[in-house]
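One letter stands for each residue in the lines below.
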Amino acid sequence: MAEPLRVVVTGAAGQIAYSLLYMVAKGDVFGPEQPIILHLLDIPVMMGVLEGVVMELADCALPFLRGVVPTDDPAVAFKDVSAAFLVGAMPRREGMERKDLLGANVKIFKVQGEALDKYAKKDVKVLVVGNPANTNALICSRYAPSIPRENFTAMTRLDQNRAQAQIAAKVGVPIQQVSNVIIWGNHSSTQFPDAAHASVTVNGQTLSAPEAVKDSAWLDTVFVPTVQKRGAAVIAARKMSSAMSAAKAASDHMRDWFLGTAPGRFVSMGVLSDGSYGAPKDVVFSFPVTTKNGKWEIVQGLTISDSARKSLDVTGKELEEERKEAIAVIEA
Ligand SMILES: NC(=O)c1ccc[n+]([C@@H]2O[C@H](COP(=O)([O-])OP(=O)(O)OC[C@H]3O[C@@H](n4cnc5c(N)ncnc54)[C@H](O)[C@@H]3O)[C@@H](O)[C@H]2O)c1
Ligand SMILES: O=C(O)C[C@H](O)C(=O)O
């Protein structure tokens, strides 16, 4: 029997965590037979709500959930954790861009970087979900110098899942028949959802996504903006930001990082940029990656068209601006 894995979820009393905790506790992320001890962090005023979440986790009667540690103390929450879902942060409301949250949220990720540095395992894998996710992940990594910087990632898997779903619906195939759609750059409306390297299996035959879709105007004028603005569309409809789909994406991201990507498949993750594909260095940029033995690697050698180049530059520039703003907020 494997040793229990300690996993922290921050914002544990919030709406994403409400779906995510069940997925993690029932084995969707680390494997169905991996015992888990969940550390649940939220702020002091939410401790009553968190008590209810703890009761519900017990009432789920999950065989591999071996312990639950609810707390408002980062020292307890981050102690000896091997995986960290950093969800706790303010969500945007209608009419806001995600970067409008920088002022409110970035300081949380400085404090949590420091706590990870002090208390977590040195090989902890960190997924930042709280927005603006890419820049929060960058700041978090900067305040955890004893943990390798490649262990800090930001979530663009929700955008990838949205993109895959749009293409599957357009072609009329089940979702698993669409692979290798890429999200480049920032988890913001400047992101570039790219179907050029994606494949779709139709009636047993694997085609490139543009061949399967057979409508390049749809790809440029419907697919790209729909994915870029999907978060805002959900907020407009629900009056709250996406939660069930965000939790599923967080679970997909961490599972693929821990357990590896399937042969021939890649996924999108916000990772520390090494300048691949002309992206700016030292920002957390979403790239296509493969994962193996708990490590990600950027997929190299993909052709970038002139129009894709322009899109990559726009989203890279936004990340450089966010980095500047985040540093100013922290140093103020
Ligand atoms: N990257 C993505 O794809 C993606 C998708 C959806 C939502 N998000 C973001 O995730 C974040 C959480 O969304 P939600 O809908 O769960 O929000 P929510 O308001 O329902 O829950 C957030 C929780 O975080 C807690 N919190 C606040 N500060 C904290 C701190 N310092 N430490 C621990 N907990 C803290 C709050 O008390 C609350 O319980 C938001 O920033 C949202 O924009 C990102
Ligand atoms: O759009 C938001 O603010 C929430 C989240 O980042 C999303 O993409 O749904």
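Residues numbered from 1 in each chain as written. Chains lettered and ligands numbered in written order. Predicted model: local features only at pLDDT ≥ 70, side-chain atom pairs only at ≥ 80, totals over all residues. Heavy atoms only, no water.

Next up on the list: the packing of aromatic side chains. Scanning the entire structure with this criterion turns up five aromatic pairs. With centroids separated by 5.8 Å and ring planes inclined at 35°, the aromatic side chains of Trp 218 and Phe 223 adopt a geometry described as tilted. The pair Trp 218 / Phe 223 is uniform in exposure class, with both members buried. Site record: aromatic cluster; members linked through ring pairs are Trp 184, Tyr 277, Phe 285 and Phe 287. For Lys 125, the ring lying beneath its charged end belongs to Trp 257, and the centroid distance is 5.9 Å. A cation over an aromatic ring shows up here: Lys 125 above the ring of Phe 258, its NZ or CZ 4.9 Å from the ring centre. (Phe/Tyr/Trp six-rings, centres within 6.5 Å; stacked < 30°, edge-to-face > 60°. Buried < 20%, exposed > 50% of the residue type's maximum accessible area, 1.4 Å probe, protein only. Lys NZ or Arg CZ within 6 Å of the ring centre and 35° of its normal.)

Another point: the side chain of Arg 98. Relative to the elements of secondary structure, Arg 98 occurs in the loop between strand E4 (83-86) and helix H4 (102-119). An unpaired buried charge is present at Arg 98: no salt bridge exists, and Asp 159, the closest side chain of opposite charge, is 5.0 Å distant. Reaching out from Arg 98, the side chain makes a polar contact with the side chain of His 187 at a distance of 3.2 Å. Not counting residues up to four positions away in its chain, the partners in contact with Arg 98 are Arg 92, Asn 131, Pro 132, Arg 162, His 187, Ser 188, Ser 189 and Gly 231. (Helix = DSSP H or I, 4+ residues; strand = E, 2+ residues; numbered from the N terminus. Lys, Arg positive; Asp, Glu negative; His and termini not counted. Salt bridge = Lys/Arg side-chain N within 4 Å of Asp/Glu carboxyl O. Polar contact = N/O pair within 3.5 Å; in protein donor to acceptor, adjacent residues only side chain to side chain. Contact = heavy atoms within 4.5 Å.)

To continue, consider the UniProt feature "domain: Lactate/malate dehydrogenase N-terminal" (unreviewed entry) in the chain. The positions UniProt marks with the feature "domain: Lactate/malate dehydrogenase N-terminal" (unreviewed entry) are residues 6-152. Helix makes up 38% of residues 6-152 and strand 18%, whereas the separation of the span's terminal C-alpha atoms amounts to 17 Å. (UniProt positions renumbered as here; feature names shortened; annotations may be inferred.)

This next bit is on the layout of surface pockets. In this structure, the largest pocket encloses a volume near 870 Å³. Lining the largest pocket are 43 residues, with Val 87, Gly 88, Ala 89, Met 90 and Pro 91 sitting closest to its centre. Elements represented by at least two residues in the lining of the largest pocket include exactly helix H1 (15-25), H4, helix H6 (157-171) and helix H9 (230-238). Across the lining of the largest pocket, the residue classes break down as 21 nonpolar, 13 polar and nine charged. Looking at which domains feed residues into the lining of the largest pocket, each of domain 1 (5-154) and domain 2 (157-322) supplies at least three. Computed from the structure, the second largest pocket encloses a volume of approximately 360 Å³. Along its surface, the second largest pocket is lined by 21 residues, and Arg 157, Gln 160, Asn 161, Gln 164 and Asp 252 are the ones closest to its centre. Every element with two or more residues in the lining of the second largest pocket is listed here: H6, strand E7 (178-179) and helix H10 (244-259). (1 Å grid on protein atoms, 1.4 Å probe; cavity = no way out; pocket = protein on both sides within 12 Å on 5 of 7 lines; lining within 4 Å. Points joined across faces, edges and corners; volume = space filled by probe spheres on them. Nonpolar A, V, L, I, M, F, W, Y, C, P; charged D, E, K, R; others polar. Domains from an automatic or database assignment.)

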